[in-house]
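Here is how the chains run, residue by residue.
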Amino acid sequence: MIYSGTVKSKNGDDIPLFSSGKPMHSKYNPENEAEAFASSIKSEGTAFIIIAGVGAGFHIKSVAKKFPNAFLLAVEADRESLEFCKNFPAVKDMLSKKNISLCTADQTPRLVRESYIPSLYGDCVFVCQRAWENENQNLLSSLKDQVMDELKAISRDYSVQAHFGGQWQRNILANLSKFRKNPDIRLNSKLKAAVIAAGPSLDESIKRLLQHRNSYCIISTDTALGSLARSGICPDAVVSIDAQRVSATHFFALPLLKEKSALCVFDISSNRNAVEYARSQGFEVYFIRSAHPLTSLALEGTTVPLAESGSGTVTIAACDFARQQGFSEIELFGADFCYSEGKPYAKGTYLEPNFLSGCSRTQTSEQMNAALMFRTELIKPREPAPFSGSLNKAFTTQVMEGYARTTMEWAEKWGYSKSGASLKSSAKADSFPRKEKEFNFSSFFDDYLKNLQNTLDGKGQILNPYTVSLLPLIANLRKKQNDSAKHSFFDFLKLAYSQLTRYTVLYEQ
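The structure displayed is predicted, hence computed values, not measured ones.

## Observations concerning the overall build of the protein
Reasoning step 1: Helix and strand content of the protein: 21 helices and 16 strands.
Reasoning step 2: The 509 residues of the protein split such that 51% are buried.
Reasoning step 3: A separation threshold of at least 6 residues defines the contact pool for the protein, and within that pool the share at least 24 residues apart is 66%.
Reasoning step 4: As displayed, the protein offers around 24400 Å² of accessible surface, 48% of which is attributable to carbon and sulfur atoms.

Structure, rendered in C-alpha cells:
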C-alpha cells in the first residue's frame with residue numbers, strides 16, 4: 001500500500017496522500033493539473049495509452065476525454081493501493097468503461113501482451129503521473145523494463161504480420177477453397193522419426209540415412225527435400241509452412257522421387273503454388289494449421305491439427321508433426337542452426353542450381369553464399385550446435401541462436417529430453433484424429449462476408465472473431481500506406497473487406 005489517506009483540495013475534491021504524506025494531485029485545482037497532463041500526451045488517432053499511477057483518476061479522466069477512441073491501461077502499485085483508489089468518484093466511473101482497464105504493476109506485462117493490438121490501436125504510449133513517479137522510482141523502472149520487453153516481442157510479431165499478412169490471407173483462402181478434408185493417414189510410429197533440416201552437416205549425416213533407411217520414418221522439411229531426392233531418398237512426409245513464392249521451388253524436386261508415397265504436409269497458409277504443384281505431381285496433401293486468426297475461425301470444429309512452429313521454424317513444425325503422429329523418439333539431421341565451412345545449406349537445396357547457374361568469373365557461387373550468410377552479423381556459437389555436434393568453422397547469428405533455443409523450449413514443453421542428436425520422450429504422444437469432418441468453403445465464406453458487412457454497418461462490436469481474423473492483413477495494409485496514422489482501424493477494415501469482395505471470384509468453385 002503506497003497511500004496513507006486522503007486530503008481535501010481547495011475546490012473540495014478528495015485527493016490521495018502517499019505514505020510520505022505528500023499529495024498525489026494538486027491541492028489547489030486537480031482538474032486543471034489533469035488537463036495539463038492530458039495535453040502533454042502527443043499521439044495521432046487511436047492509441048494504446050499506459051498510464052502509471054491511478055490515484056483519484058483526474059488525469060485519467062482528462063486523457064479519456066482528449067482521446068475518446070484510445071484504450072487506456074491505468075496501472076497502480078499493488079492490489080491494496082488499487083482497491084483504495086477505486087473509492088474515488090472518477091475511478092468508480094471508469095470501472096464501467098470498456099476502453100479503460102485498471103491493473104496492478106505485476107499484471108501489466110500480461111495485459112499489454114493480451115490487449116495491445118498494433119493494427120487496431122497504432123501507437124503505444126507510456127506516461128506517468130509526476131507525483132506518483134517521484135514516489136515509486138524503483139517500481140517504475142522495473143515496470144518500464146517489463147513493458148518494453150513485451151512491446152519488443154509484440155513489435156517483432158507485428159513486423160512479421162506487416163510483411164506476410166497479405167500473402168497469408170491470399171494463401172489461406174485459396175487453399176481453403178479447394179479443401180474438403182484431410183486424407184486418413186498414419187505414419188509408422190514404431191520406427192524412429194528422422195526430421196531432416198537443410199544445414200551443412202546434412203552432407204555428411206545423410207550417409208547414415210542411406211545406410212539405415214528402413215530404421216527411420218523420414219519427415220523432411222521443404223528446404224531439405226532436394227538434398228534427399230538427389231541422394232535417392234524418398235521421405236515419408238515433407239513439411240512446409242512458408243507463405244512465400246520461393247517455397248514452390250523446394251517442391252520442384254518431387255519428380256526426382258521414384259515413388260509417389262511422400263505425404264506433403266502444408267500449413268493452410270503455405271504458398272498456394274507449392275500446394276497445387278504437389279497435387280499436380282500426384283502427391284497426397286495434408287493440411288495443418290497455425291494460430292493465424294483466420295484459420296482458427298475457418299477451421300474451428302474440424303480436426304485439422306494445430307501444429308507448433310516456434311518462432312516460425314519449419315524444423316519445429318516437422319518435429320511437432322512427428323509428435324502428433326505418436327513418435328516418442330525424434331532424431332534430427334542437418335538441424336545445425338549455424339553456418340559451417342562457408343556454407344549456408346547442404347548440397348542439393350534450391351539455392352545450389354540457382355547460384356551455380358548465375359555465377360560468373362566476377363560473381364562466384366562462393367560470393368553468393370557469403371552474401372547470403374552476411375545478411376546479418378555472424379557470431380561464434382556460444383556452444384556446439386545442439387543436434388550436429390562440433391562443426392568446422394562454424395558461425396551463427398542471433399536469429400539462428402533463437403531458433404535453436406526455441407527448439408529446445410518446444411522439446412521441454414512436450415516432455416522430450418535431448419540425447420545426442422535425438423529427442424526422446426517417455427510419455428505417450430498425441431496422434432492426429434483419423435476421421436476428418438468435411439469443410440464447406442462456400443458456406444464459410446458467405447458467412448464470413450456477411451458478418452464483416454454487419455460489423456461495417458454498425459450491427460456488432462468492431463472487434464470480434466471476424467475482424468480479428470483480418471488483423472494480419474490490416475497490418476500489411478498499414479505498412480503499404482505511408483500516411484497510415486491518418487486512417488482509423490475502421491478505414492483499414494473497409495479496405496480489407498473491399499479486397500475480399502473484389503477477389504471473391506478467385507475462391508469460387
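On we go.
## Notes on the sheet that holds strand 11 (residues 285–288)
Reasoning step 1: The 8 strands are arranged 11-10-9-8-7-12-16-15 in an open sheet whose pairing can be described as mixed. Each edge of the sheet is formed by a strand with only one pairing partner; in this case those strands are strand 11 and strand 15 (417–419). For this sheet, the mean inter-axis angle between neighbouring strands, taken without regard to orientation, is 25 degrees.
Reasoning step 2: Set on the sheet, helix 9 (residues 202–211) makes contact with strand 7 (192–196), strand 8 (216–221) and strand 12 (329–333); between it and strand 12 the angle comes to about 135 degrees.

## Here's the deal with the nonpolar core
Reasoning step 1: The biggest cluster of nonpolar side chains holds 107 residues, and the ones touching the most others in it are I49, W132, F444 and Y448.
Reasoning step 2: Of all the elements, helix 8 (residues 137–177) adds the most residues to this core, at 10 residues.
Reasoning step 3: Of all hydrophobic cores here, the second largest spans 34 residues; its members include I185, C217, V239 and V265.

## Quick word on the pattern of salt bridges
For side chains bearing opposite charge, pairing can occur when the charged atoms are close.
Reasoning step 1: Evaluation of the coordinates by the stated rule reveals 16 salt bridges.
Reasoning step 2: Of the charged contacts in the structure, one is a salt bridge between K8 and D14, with a shortest N-O distance of 3.2 Å.
Reasoning step 3: Judged by its relative accessible area of 52%, K8 falls in the exposed class.
Reasoning step 4: Assessed through its relative accessible area of 33%, D14 is described here as partly exposed.
Reasoning step 5: A salt bridge links E83 to K86; its shortest N-O distance comes to 3.2 Å.

## Considering the packing of helix 8 against helix 20 (residues 471–480)
Two numbers describe a pair of packed helices, the interaxial angle and the distance between the axes.
Reasoning step 1: Relative orientation of the contacting elements helix 8 and helix 20 amounts to 105 degrees, with a least axis distance of 7 Å. Between helix 8 and helix 20, the crossing angle belongs to the class labelled roughly perpendicular. Across the interface between the two elements, Y158, Q161, A162, H163, G165, G166, W168 and Q169 from helix 8 touch L471, P472, L473, A475, N476, R478 and K479 from helix 20.
Reasoning step 2: Partitioned by chemical class, the residues of the contact of helix 8 with helix 20 number 7 nonpolar, 6 polar and 2 charged.

## Structural notes on the sheet that holds strand 4 (residues 71–76)
Strand pairing in a sheet relies on backbone hydrogen bonds. The paired strands run either parallel or antiparallel.
Reasoning step 1: The 4 strands are arranged 5-4-3-6 in an open sheet whose pairing can be described as parallel. Of all strands in the sheet, those with a lone pairing partner are strand 5 (100–104) and strand 6 (123–128), marking the two edges. Neighbour-to-neighbour, the strand axes of the sheet open up by a mean angle of 20 degrees, direction not taken into account.
Reasoning step 2: Bridging between strand 3 (residues 47–52) and strand 4 involves 5 bridges; their strand directions are parallel. Of the residues in strand 4, the one forming a bridge with I51 is A74.

## Description of helix 20
The α-helix advances 3.6 residues per turn, and as a result positions three or four apart in sequence lie on the same side.
Reasoning step 1: In terms of burial, helix 20 is largely enclosed, as 8 of its 10 residues are buried.
Reasoning step 2: Along helix 20, the residues that are buried comprise L471, P472, L473, I474, A475, N476, L477 and R478.
Reasoning step 3: Of the surrounding secondary structure, the elements contacted by the buried residues of helix 20 are helix 6 (118–121), helix 8, helix 13 (293–298), helix 19 (465–468) and helix 21 (489–502).

## Let's talk about the state of the cysteines
Reasoning step 1: One pass over the structure, following the stated rule, counts 0 disulfides.
Reasoning step 2: Counting only cysteine sulfurs, C234 is the nearest neighbor of C264, a cysteine outside any disulfide, at a range of 9.6 Å.

## Here we look at the packing of aromatic side chains
Reasoning step 1: Counting across every chain of the model gives 19 aromatic pairs.
Reasoning step 2: Ring geometry for F179 against F439: centres 6.0 Å apart, planes inclined by 35 degrees, an arrangement best described as tilted. Taken together, the residues span a long stretch of sequence, with F179 in the loop between helix 8 and strand 7 and F439 in the loop between strand 16 (422–424) and helix 18 (441–456) at a distance of 260 residues. When sorted by exposure, F179 lands in the same class as F439, which is buried.

## Looking at the packing of helix 20 against helix 21
Reasoning step 1: Running from N to C, helix 20 and helix 21 point in directions that differ by 105 degrees, and their axes come no closer than 10 Å. When the axes of helix 20 and helix 21 are compared, the pair comes out roughly perpendicular. Across the interface between the two elements, L471, L473, I474, L477 and R478 from helix 20 touch F489, F492, L493, L495, A496 and Q499 from helix 21.
Reasoning step 2: For the contact of helix 20 with helix 21, the residue count by class is 9 nonpolar, 1 polar and 1 charged.

## Quick word on the pairing of strand 10 (residues 263–267)
Reasoning step 1: Counting buried residues in strand 10 gives 5 out of 5 residues, a clear majority hidden from the surface.
Reasoning step 2: The two faces of strand 10 match: L263, V265 and D267 on one face and C264 and F266 on the other face are all buried.
Reasoning step 3: Of the pairings in the sheet, the one linking strand 9 (residues 237–240) to strand 10 comprises 4 bridges and is parallel in character. Bridging from a neighbouring strand, S240 pairs with F266 of strand 10.
Reasoning step 4: Taken together, the 4 bridges between strand 10 and strand 11 define a ladder with parallel strand orientation. Each residue of the ladder has a partner; that of V265, found in strand 11, is Y286.
Reasoning step 5: In this fold, the crossover linking strand 10 to strand 11 by way of helix 12 (residues 272–280) has right-handed handedness.

Cut-offs applied
Residues numbered from 1 in each chain as written. Predicted model: local features only at pLDDT ≥ 70, side-chain atom pairs only at ≥ 80, totals over all residues. Heavy atoms only, no water. Helix = DSSP H or I, 4+ residues; strand = E, 2+ residues; numbered from the N terminus. Buried < 20%, exposed > 50% of the residue type's maximum accessible area, 1.4 Å probe, protein only. Contact = heavy atoms within 4.5 Å. Areas by Shrake-Rupley, 256 points an atom, 1.4 Å probe, with all protein chains shown as cover. Pairing = 2+ DSSP bridges. Axes fitted to C-alpha atoms, helices over the stretch in contact; angles between N-to-C directions. Core = buried A, V, L, I, M, F, W, Y, C linked by side-chain atoms within 4.5 Å. Salt bridge = Lys/Arg side-chain N within 4 Å of Asp/Glu carboxyl O. Parallel < 35°, antiparallel > 145°, perpendicular 65-115°, else oblique. Nonpolar A, V, L, I, M, F, W, Y, C, P; charged D, E, K, R; others polar. Disulfide = S-S within 2.5 Å. Phe/Tyr/Trp six-rings, centres within 6.5 Å; stacked < 30°, edge-to-face > 60°. Right-handed = clockwise from strand over helix to strand, strands pointing away.

Honestly, that's just the spatial picture; any functional story needs more than this.
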